[in-house]
Amino acid sequence: MGEGDNQGGDRCRTDVIKEISVFEEKGFGAVLEDTRTKRLSTQDIAALSEFVRDASIAWVDYVVEDFDKEGVNVANSLGFSEILLKSLIRDPAGGYEDLDVEMGVLLPAIYMEGFEVKIDPLVILIREGLILTLHSKEVKRFFRVRRYAETLLRKIPQRMPLKDRMTLLLIRIIDENNSRNFDYLRGIEAKGDELSKELADPKVSRSTVGKSIYEMKHALIVYLGGLWASVDTLNALRYGDAELITDNSKILNRINTLVSEVNSHIGLAEHLSEVLASGLEVLQSIYNNQLQILNNRMAMLVAYLTIIGTALLVPNTIATVLSSSSFELTSRDTTWYIALILASTVVSTYVAWWAVRSLGLLPKSPE
């Protein structure tokens, strides 16, 4: 391999390392100035504010640790009012605020830790020429979009009015958030498949299956809550008549498409909920079968104890009567006495077993 090839490989590796480090930055901005696009990755919010100042259209994505403090500081630095952000984060499930010259949308950002489904807020603030997205570090759903941000801005038709272009960019951002939310349904489905495998085992522990079903049920409830909040927010955005959103019906219909996609995934999640309900029925059947087996064994034990008790009662009574002073038994009576006791024991055992069986009191032996 030549020296040039080595240098080329080193450059490629360096570019990859730089790219990874760029996407790990808390702040990212992409702007369109006339026909040129630029990008900037930095933690300095002042640098981002200066970067988007003269842009015709810009998108800034920032990872915040605390919406009340850091989030407000970032929003203020980029020209948004404090009241807009605070009114949005009041309800972390979802929200929509329109203040004419600026507006905000709060969407649920779903993610999973293990099998626990969690929801963090995704705040989207909009003013003329700028869209700002704020989210926690756990969400991490726009790092892929960051890579293609300049291409995305170039593909938006420049002949369109600014409202139309801003709405198209907003729809692309919301679509990416929805796509990441939908990904976690696969994780829930995978857990459901594992649960089905456990339910197929007749020897499975009820306590283990019960815990698994509860975890799946809780995950579905949280997940469905996030999707329903998304539908409510998207409907508010579609029919809110905000000044910063386009009036073009063709573009607004794309929001309806987003709502339809969320509704379809709600249907899938509800189907999983039905599967879970059938799993609960299976678990109840397993419990009832195990309880029935235990009851049969107890009834069997009681029946056998009854037979044994009756079998011992008759010879015991005979022995008690013959041992009284009314009967003067000697050693010569030993043979017939023992024969009488044994015969009475056998006969009484058979009679007791026949009576219990005839009356149907003797259950079948559990398999």
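Before reading on, note that the structure itself is shown above.
1. Structural notes on the overall build of the chain
Looking only at helices and strands, one finds 10 helices and seven strands in the chain. Counting the 367 residues in the chain, one finds 41% classified as buried. Counting only contacts in the chain whose residues sit at least 6 apart along the sequence, the fraction spanning at least 24 positions is 64%. Carbon and sulfur atoms provide 55% of the accessible area of the chain, an area that totals close to 20,600 Å².

2. Comments concerning the packing of aromatic side chains
Applying the stated criterion to the full structure yields two aromatic pairs. Judged by centre distance (5.8 Å) and plane angle (65 degrees), the ring pair of F28 and W59 falls under edge-to-face. Note that F28 is positioned in strand β1 (residues 27-33) and W59 in strand β3 (residues 57-63), a separation of 31 residues in sequence. As far as the burial class goes, F28 and W59 line up, both buried. Here the aromatic residues F28, W59 and F142 are joined through ring pairs into a cluster of three or more. The ring centre of F80 lies 5.7 Å from the NZ or CZ of R127, which sits over that ring.

3. Concerning the sheet that holds strand β4 (residues 95-98)
If you trace the seven strands from one edge of the open sheet to the other, you get β2-β1-β3-β7-β6-β5-β4, paired in mixed fashion. In the strand order of this sheet, the two ends are held by β2 (36-42) and β4, each with one partner. Within this sheet the neighbouring strands show an average axis-to-axis angle of 15 degrees, counted without direction. One ladder, built from seven bridges, connects β1 with β2; its direction is antiparallel. If you follow E33 over to β2, its bridge partner there is R36.

4. Thoughts on the pairing of strand β7 (residues 130-135)
The element β7 is extensively covered by neighbouring structure, given that six of its six residues are classed as buried. The alternating pattern of β7 places L130, L132 and L134 on one face and I131, T133 and H135 on the opposite face, and all of these are buried. Summarising the sheet, β3 and β7 pair through six bridges and their orientation is parallel. Directly across from V63, in β7, lies its bridge partner H135. The sheet contact formed by strand β6 (residues 116-127) and β7 spans five bridges and is antiparallel. Note on β7: the bridge partner recorded for V123 is L134. The antiparallel hairpin formed by β6 and β7 contains two residues in its connecting segment, where G129 sits at a positive phi of about 85 degrees.

5. What about the nonpolar core?
One finds W59, I124, I131, L169 and Y223 to be the most contacted residues of the largest nonpolar core, which totals 58 residues. Elements with a minimum of two residues in this core: β1, β3, β5 (102-113), β6, α6 (149-155), α7 (162-199), α8 (206-239) and α9 (249-322). Excluding anything up to four places from it in sequence, I131 contacts A58, W59, V60, I124, L125, I126, M166, L169, L170 and I173. Counting residues in each nonpolar core, the second largest holds 26 residues, with V31, A58, V72 and L134 among its members.

6. Some points on unusual backbone geometry
The residue D100 is not glycine, and still its phi comes out positive at about 70 degrees. Inspection of the secondary structure assignment puts D100 in the loop between β4 and β5. With a phi angle near 55 degrees, D241 is a residue other than glycine that sits in the positive phi range. One can find D241 in the loop between α8 and α9.

7. Re the pattern of salt bridges
When charged atoms on two side chains of opposite charge get close, those side chains can pair. Per the stated rule, a full pass over the model turns up 13 salt bridges. Its salt-bridge partner being R36, residue E33 comes within 3.8 Å of it at the nearest N-O pair. The partner of R180 in a salt bridge is D183, and the shortest N-O contact between them spans 2.9 Å. Pair noted here: R180 and D183 are both in helix α7, with a separation of three residues, about one helical turn. What emerges from the salt-bridge pattern is a single network uniting R144, R172, E176, R180, D183 and R186.

Rules of the game
Residues numbered from 1 in each chain as written. Predicted model: local features only at pLDDT ≥ 70, side-chain atom pairs only at ≥ 80, totals over all residues. Heavy atoms only, no water. Helix = DSSP H or I, 4+ residues; strand = E, 2+ residues; numbered from the N terminus. Buried < 20%, exposed > 50% of the residue type's maximum accessible area, 1.4 Å probe, protein only. Contact = heavy atoms within 4.5 Å. Areas by Shrake-Rupley, 256 points an atom, 1.4 Å probe, with all protein chains shown as cover. Phe/Tyr/Trp six-rings, centres within 6.5 Å; stacked < 30°, edge-to-face > 60°. Lys NZ or Arg CZ within 6 Å of the ring centre and 35° of its normal. Pairing = 2+ DSSP bridges. Axes fitted to C-alpha atoms, helices over the stretch in contact; angles between N-to-C directions. Core = buried A, V, L, I, M, F, W, Y, C linked by side-chain atoms within 4.5 Å. Salt bridge = Lys/Arg side-chain N within 4 Å of Asp/Glu carboxyl O.

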